[in-house]
Amino acid sequence: MSDLLAKISSKQAHVVVIGIGYVGLPLVAEFAKAGFRTTGLDNDPEKVRLLNAGESYIADVPTSDLVPHVKSGRLDATTDRAVLSKADAVVVCVPTPLNKTKDPDMRFIVSATEAIAEHQHPGMLVVLESTTYPGTTTEVVVPKLTEKGLVVGKDIFVAFSPERVDPGNLVYKTRNTPKVVGGSTPRCLEVVQALYSQIIDKLVPVGSPEAAEMVKLLENTFRAVNIGLVNEVAIMSRKLGIDPFEVIRAAASKPFGFMPFYPGPGLGGHCIPIDPFYLGWKAKMHGFEPRFIELAGQVNESMPKFVVDKVTDALNDDSKAVRGARIHLLGMAYKRDVNDVRESPALHVAKMLIDKGALVTYSDPFVPEIHEEGLEMKGVGVRETLEAGTDCVVLLTDHAGFNYSEIVHLAPLIVDTRNALRDFIGGNIVRL
Ligand SMILES: NC(=O)c1ccc[n+]([C@@H]2O[C@H](COP(=O)([O-])OP(=O)(O)OC[C@H]3O[C@@H](n4cnc5c(N)ncnc54)[C@H](O)[C@@H]3O)[C@@H](O)[C@H]2O)c1
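The following refers to the structure shown. Owing to the predicted nature of the structure, the values given are computational and were not obtained by experimental measurement.

## So, unusual backbone geometry
Phi at D337 is positive, roughly 60°, even though this residue is not glycine. Relative to the helices and strands, D337 resides in the loop between strand 9 (326–330) and helix 13 (345–355). Of the residues examined, D337 reaches a relative accessible area of 26% and is grouped as partly exposed. Of note in this structure, E343 is not a glycine but carries a positive phi near 60°. You can see E343 is positioned in the loop between strand 9 and helix 13. Judged by relative accessible area, which is 31%, E343 ranks as partly exposed.

## Some remarks on helix 6 (residues 136–145)
The α-helix winds at 3.6 residues per turn, so residues separated by three or four positions along the chain end up facing the same way. Taken together, the buried positions of helix 6 are T136, T137, V141, V142 and L145. Buried residues of helix 6, viewed axially, fall in a sector of 130°; they line one side. Buried positions along helix 6 lie against helix 5 (107–119), strand 5 (124–128), strand 6 (156–160) and helix 8 (209–239).

## Re the packing of aromatic side chains
For any pair of aromatic rings, the description consists of the separation of the ring centres together with the inter-plane angle of the planes. Under the criterion given, the structure shown has 5 aromatic pairs. Residues F222 and F261 carry aromatic rings whose centres are separated by 5.7 Å and whose planes lie at 70° to one another, so their mutual orientation is edge-to-face. Of this pair, F222 sits in helix 8 while F261 sits in the loop between helix 9 (244–251) and helix 10 (275–285), and the two are 39 residues apart along the sequence. Taking NZ or CZ as reference, K102 lies 4.7 Å from the ring centre of F277, over its face. Above the ring of Y196, the side-chain terminus of K179 is found at 5.1 Å from the ring centroid.

## Observations concerning the site of the ligand
Among the 26 residues in the neighbourhood of the ligand, the closest are listed as V23, D42, K47, T96 and S111. Between the ligand and D42, the relevant distance is 2.6 Å, taken from an oxygen atom to a side-chain nitrogen or oxygen of the residue. One nitrogen or oxygen atom from the main chain of V94 is found 3.4 Å from an oxygen atom belonging to the ligand. In isolation the ligand exposes 840 Å². Once the protein is present, 92% of that is buried.

## With respect to the sheet that holds strand 13 (residues 392–395)
In spatial order, the strands read 10-9-13-14-15; together these 5 strands make up an open sheet with parallel pairing. In the strand order of this sheet, the two ends are held by strand 10 (359–363) and strand 15 (429–431), each with one partner. Going from strand to strand, the sheet's axes swing by 20° on average, the running direction of each strand aside. Alignment of strand 9 against strand 10, held across 5 bridges, turns out to be parallel. Looking at strand 10, one finds that L330 is bridged to S363. Sheet strands in contact with helix 12 (residues 303–317) are strand 9, strand 13, strand 14 (414–416) and strand 15, and its direction is about 155° off that of strand 13.

## Description of the environment of K102
Tracing the backbone shows K102 in the loop between strand 4 (89–92) and helix 5. For K102 and L150, which are 48 residues apart along the polypeptide, the C-alpha to C-alpha distance reads 35 Å. When residues no more than four places from it in sequence are discounted, the contact partners of K102 are F277 and E301.

## Some thoughts on the pairing of strand 9
With respect to burial, strand 9 is a largely interior element, 4 of its 5 residues being buried. In this view, the connection linking strand 9 to its parallel neighbour strand 10 by way of helix 13 has right-handed handedness. Here strand 9 runs beside strand 13; their pairing, made up of 4 bridges, is parallel. By the bridge assignment, I327 is partnered in strand 13 with C392.

## Here's the deal with the environment of D44
Position of D44 relative to the elements: it lies in the loop between strand 2 (37–41) and helix 3 (45–52). When the C-alpha positions of D44 and V394 are compared, they lie 34 Å apart, and in sequence the two are 350 residues distant. For D44, the side chain forms a polar contact with the main-chain nitrogen of E46, separated by 2.9 Å.

## Overview of the sheet that holds strand 7 (residues 179–183)
Strand order in the open sheet formed by 8 strands is 3-2-1-4-5-6-7-8, and the pairing between neighbours is mixed. Every other strand in the sheet has two partners, leaving strand 3 (75–78) and strand 8 (203–206) as the edge strands with one partner each. Across the sheet, the axes of successive neighbouring strands diverge by a mean angle of 25°, strand direction being ignored. The pairing of strand 6 with strand 7 spans 2 bridges and is classified as antiparallel. By the bridge assignment for strand 7, A159 is matched with G183. Running at roughly 180° to strand 5, helix 5 makes contact with strand 1 (14–18), strand 4 and strand 5 of the sheet. In the packing of helix 6 onto the sheet, contacts are made with strand 5 and strand 6, and the angle to strand 6 comes to roughly 160°.

## A few points about the nonpolar core
The biggest cluster of nonpolar side chains holds 77 residues, and the ones touching the most others in it are I18, F31, V91, I116, L125 and Y196. Here F31 is in contact with V15, V17, F36, T38, V91, L195, Y196 and I199, once residues within four sequence places are set aside. In this structure, V307, V322, L347 and I370 belong to the second largest nonpolar core, which totals 34 residues.

The rules behind these values
- Residues numbered from 1 in each chain as written.
- Predicted model: local features only at pLDDT ≥ 70, side-chain atom pairs only at ≥ 80, totals over all residues.
- Heavy atoms only, no water.
- Helix = DSSP H or I, 4+ residues; strand = E, 2+ residues; numbered from the N terminus.
- Buried < 20%, exposed > 50% of the residue type's maximum accessible area, 1.4 Å probe, protein only.
- Arc of directions from axis to C-beta.
- Contact = heavy atoms within 4.5 Å.
- Phe/Tyr/Trp six-rings, centres within 6.5 Å; stacked < 30°, edge-to-face > 60°.
- Lys NZ or Arg CZ within 6 Å of the ring centre and 35° of its normal.
- Near = heavy atom within 4 Å.
- Polar contact = N/O pair within 3.5 Å; in protein donor to acceptor, adjacent residues only side chain to side chain.
- Areas by Shrake-Rupley, 256 points an atom, 1.4 Å probe, with all protein chains shown as cover.
- Pairing = 2+ DSSP bridges.
- Axes fitted to C-alpha atoms, helices over the stretch in contact; angles between N-to-C directions.
- Right-handed = clockwise from strand over helix to strand, strands pointing away.
- Core = buried A, V, L, I, M, F, W, Y, C linked by side-chain atoms within 4.5 Å.

These results come straight from atomic positions and should not be treated as a statement about function.
Below, the structure is given as structure tokens:
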């Protein structure tokens, strides 16, 4: 262990990050910047090619954060798992999706762990960062890494540290976001703290990997449940003739005990719609029924349909049917100013409208094309489309770059699901 600690403190440790996507790419940039020899290991040859060319493919990572380190030879990428045999520290950032029955799909964690086990050696630190159910590190990762007789806390060191990256956040980046760490043993905790203290300003140690795994799920379940609550409040408020956004804005003036969440067309991204189900799955395995998670899931998943109903009613008020209507969707990304469409509610809205016979187009400055969930679409220009004639615009993502006054001026009818048009008055605006 002292050898590994010495390598970490002298920055001689070779860090390998498995999975260089939204989470892994910022991390390799940070390790390389801190002076570590860093390699990104990914199955995707295109990401490997781009990183080796010093080109970023994630909006939050400027190319200038990669180029100097790639040029100096400190940072590279590979698809060859054999690089793991040279690694002193391995950080796993692979996807953790749900399968069709909404159970955890552990294929990526299992295959990454198998690759590490194949190339492992004494004096190695392995950190899992992928969001997952409590018990994964202890029940899935550790058994594989100890199969050949290595002892955790003595020969190899294992920890869980959840990633908190918030895509598009201009203030909180990898370094200044406090990081929770939980080691399989006290020595594992010591080693993982030694590594991360080189790239993160503030660490928050907890007593076990299970606690660290649970922290992440609490954070994201907290968001999912509160968004579910506020979506329900929005629907309820409108039925009572009250503007929910006015209510939330006023409630947020309370300096304690209230935190604003905002209604919208549904949950999106790789975290909030998925992570609570990881927790729910594990709870059910132990005979516990997680009612808040299920209910929030139901409310949030009903929102795209609620939006489609709003569009249908709004067109109906104009004596038009959805079938044959020219409907333009503004924004396909799951949130403002990012290019990520995974789980985006806009995809569900688009599919439902197309299924009803609408002629659907979209514009999104961050998403030139869609090849997701059976949709094959190319983005079009907003102004040209509106000038050519539409029946309804549905504002699904409030990107900062949209010219809202022009859109309000040109669109005959707009369903605003994000309250982006709060400062506009117009009979053509239908609000969530
Ligand atoms: N995106 C976010 O905002 C965010 C935030 C916090 C936590 N997380 C969690 O972090 C994890 C990673 O998410 P992401 O958004 O970075 O995913 P991603 O899909 O952007 O990147 C994952 C990468 O892993 C690669 N990969 C998969 N299996 C591999 C294997 N066996 N060997 C090598 N490479 C492999 C994929 O090719 C892909 O490039 C997930 O568990 C996610 O829930 C994501």
